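Coordinates in review
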Amino acid sequence: MTDAEWAVVRPLLPVPGWMRGRGGQPEAYCHRAILDAIRYMVDNGIKWRAMPADFPPWDRVYAFFRRWRDHGLATEFHDRLRGQVRVRAGRDSEPTAAVIDSQSVKADAVVGVDSRGFDGGKLINGRKRHLVVDTFGLLLGVMVTAADIGDRTGAKVLLQRVADAHHRLELVWADGGYTGSLVGHCLAALALVLQVVKRSDGQKGFVVLPKRWIVERTNAWLMRTRRLARDYERRTTSAEAMAYWSMTLLMTRRLARPHPQPA
């Protein structure tokens, strides 16, 4: 991280338990060094054991990653950054509209048969990321399943989580794969309007569709980090955490840029 990025990140980090009088010992390594190591691993797609010697030992970095994953601190840190990005853009920190989509990726051999499957539509053997993003393309929720899990099945679970975490959410845009009973379920159980954006019958070739391009751009952002170009995680919770870390990398860089002042 640059000094400008660290100045953005430092106030948003969760406070360690030992600093709040909850016991435990101080970390042996600076949070900045640990975060740099995780960012390097996610961005470059290296193995944990291949962590360069410039960073803390790989097992200490992984222990930090695992603790933040299991206690939801990676999600909390990500959400604080997302709120900062939205406020800087002149929006409320909590969104009222979102976009949902899924992305199938190939899985490495370490991924067990219990969490992998075959997506017949995209001919991919691996896992599927179900994403809900705001109108800036920033993550509101992510859930990783086997690739053979249907979009509507995954959306029902993920939208429940997102609705519980973001109470101001009212409208969700989706593609034609989310039609059917899911529309009524969202309205009755979650008080969400699920609006399906479809291609017109006369359209041919690639066409940028309103609202749907937002989540497609997020999919492209995730694929730019090499750790997410293929699923290497044994646990789906680790794969979800990697997606959050990828987006924190993007948002930190965005927040560190000089903010233009009004004329």
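To be clear, the structure that these remarks concern was listed above.
As a starting point, this report considers the structure included with it. (Residues numbered from 1 in each chain as written. Predicted model: local features only at pLDDT ≥ 70, side-chain atom pairs only at ≥ 80, totals over all residues. Heavy atoms only, no water.)

**Things to note about the overall build of the chain**
For the chain, the helix and strand inventory stands at eight helices and six strands. Secondary structure of the chain in N-to-C order comes out as α-α-α-α-β-β-β-β-α-β-α-β-α-α. Relative to the globule expectation of 18 Å for 263 residues, the C-alpha radius of gyration of the chain, 19 Å, shows essentially globular dimensions. Accessible surface for the chain amounts to roughly 13,600 Å². Of this, 52% is attributable to carbon and sulfur atoms. On the chain, the mean spot of the 41 positive side-chain charges and the mean spot of the 27 negative ones are 2 Å from each other. (Helix = DSSP H or I, 4+ residues; strand = E, 2+ residues; numbered from the N terminus. Rg over C-alpha atoms; globule rule 2.2 N^0.38 Å. Areas by Shrake-Rupley, 256 points an atom, 1.4 Å probe, with all protein chains shown as cover. Lys, Arg positive; Asp, Glu negative; His and termini not counted. Charge placed at Lys NZ, Arg CZ, Asp CG, Glu CD.)

**Observations concerning unusual backbone geometry**
Backbone geometry places Leu123, a non-glycine residue, at a positive phi of 55°. Topologically, Leu123 is positioned in the loop between β2 (117–119) and β3 (124–133). Taking relative accessible area as the criterion, Leu123 reaches 62% and is therefore assigned exposed. Positive phi, normally seen in glycine, also occurs at Ala191, with a value near 55°. (Buried < 20%, exposed > 50% of the residue type's maximum accessible area, 1.4 Å probe, protein only.)

**Observations concerning the pairing of strand β6 (residues 193–196)**
Here four bridges tie strand β5 (residues 171–174) to β6, and the two strands are oriented parallel to one another. Residue Ala174 lies in a different strand from β6, and its bridge partner there is Val196. As a crossover connection, the stretch from β5 through helix α6 (residues 181–189) into β6 is right-handed. (Pairing = 2+ DSSP bridges. Right-handed = clockwise from strand over helix to strand, strands pointing away.)

**Overview of empty space enclosed by the protein**
In total, this model carries two cavities of 30 Å³ or more according to the counting rule given. Lining the largest cavity, in full, are Met1, Val9, Leu35, Arg39, Phe77, Trp245, Thr248, Leu249 and Thr252. Of all the elements, helix α8 (residues 236–256) adds the most residues to the lining of the largest cavity, at four residues. Tallied by class, the residues present in the lining of the largest cavity amount to six nonpolar, two polar and one charged. Along its surface, the second largest cavity is lined by Ile100, Asp101, Asp175, Arg212, Val215 and Glu216. Looking at the lining of the second largest cavity, the elements with two or more residues in it are β1 (97–106) and α7 (212–224). At three residues, α7 tops the list of elements feeding residues into the lining of the second largest cavity. Residues of the lining of the second largest cavity, tallied by class, amount to two nonpolar, no polar and four charged. (1 Å grid on protein atoms, 1.4 Å probe; cavity = no way out; pocket = protein on both sides within 12 Å on 5 of 7 lines; lining within 4 Å. Points joined across faces, edges and corners; volume = space filled by probe spheres on them. Nonpolar A, V, L, I, M, F, W, Y, C, P; charged D, E, K, R; others polar.)

**Here's the deal with the nonpolar core**
In a soluble, globular protein the nonpolar side chains are often hidden away together inside. Grouped together as the largest cluster of nonpolar side chains are 46 residues, with contacts concentrated most on Leu35, Ile38, Phe77 and Trp245. Tallying contributions element by element places α8 first for this core, with eight residues. When neighbours within four sequence positions are excluded, Trp245 is seen to be in contact with Leu35, Ile38, Val42, Phe65, Trp68, Ala74 and Phe77. Ile100, Val132, Val162 and Tyr178 belong to the second-largest nonpolar core, a separate cluster that totals 19 residues. (Core = buried A, V, L, I, M, F, W, Y, C linked by side-chain atoms within 4.5 Å. Contact = heavy atoms within 4.5 Å.)

**Observations regarding the layout of surface pockets**
By volume, the largest pocket is sized at about 460 Å³. Together, 17 residues line the largest pocket, and Trp48, Arg227, Tyr232, Glu233 and Arg234 are the ones closest to its centre. At four residues, the largest contribution of residues to the lining of the largest pocket is made by helix α3 (residues 58–70). Looking at the lining of the largest pocket, its residues break down into seven nonpolar, two polar and eight charged.

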